[in-house]
Amino acid sequence: QVQLVESGGGLVQPGGSLRLACAGSGFSLGYYAFAWFRQAPGKEREGVSCISTSDGATYHADSVKARFTISRDSAKNTVYLQMNSLKPEDTAVYYCAAVKSLYCSLSLISAYRYWGHGTRVTVSS
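Residues numbered from 1 in each chain as written. Predicted model: local features only at pLDDT ≥ 70, side-chain atom pairs only at ≥ 80, totals over all residues. Heavy atoms only, no water.

Asks: I'd like to hear about the state of the cysteines, residue by residue, with values.
Replies: Enumeration according to the criterion identifies two disulfides in this entry. What pairs with C22 in a disulfide is C96, and their sulfur atoms sit 2.0 Å apart. Taking the sign of the S-S torsion, about -75 degrees here, the bridge from C22 to C96 comes out left-handed. With C22 in strand β3 (residues 18-25) and C96 in strand β9 (residues 92-99), this pair connects stretches of sequence that are 74 residues apart. For the residue pair C22 and C96, the accessibility class agrees, reading buried in each case. Across the disulfide, C50 is cross-linked to C104 (sulfur-sulfur distance 2.1 Å). A torsion of 55 degrees about the S-S bond marks the disulfide between C50 and C104 as right-handed. Of the two residues, C50 sits in strand β5 (residues 46-51) while C104 sits in the loop between β9 and β10 (114-115), which places them 54 residues apart along the sequence. Here C50 matches C104 in class, with each residue buried. Going through the chain in sequence order and numbering each bonded cysteine, the pairs you get are 1-3, 2-4. (Disulfide = S-S within 2.5 Å. Helix = DSSP H or I, 4+ residues; strand = E, 2+ residues; numbered from the N terminus. Buried < 20%, exposed > 50% of the residue type's maximum accessible area, 1.4 Å probe, protein only.)

Listed below in structure tokens is the structure:
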């Protein structure tokens, strides 16, 4: 019923940009907080960016602040992650997650009920 599908990943050179998309179906996007998580090889999953439903406030991990932007288009049931000035350390599988909540969190991973299957981002020369 509820489904999240990520897209937009790929291979990019350092300093390049990518835009990830998370398309939701089976629910009204406006009631949900969304977050992007990533998991690099051999590392734990970490929060990247999230957006709240209450006021549209956004939050970013320190490692991506000023480089990444999360946004939402409720009419299209889609959340985006614009990634600029990409670095090799950004290489990971990126996951979209959602929870029916007014607020988002980058640390409380277990709160997110719905997850996509991930899209791979590789930053390499």
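Asks: How would you summarise unusual backbone geometry if you had to cite specific residues and measurements?
Replies: Of note, the phi angle at N77 is positive, near 55 degrees, even though the residue is not glycine. Structurally, N77 can be placed in the loop between β7 (68-73) and β8 (78-83).

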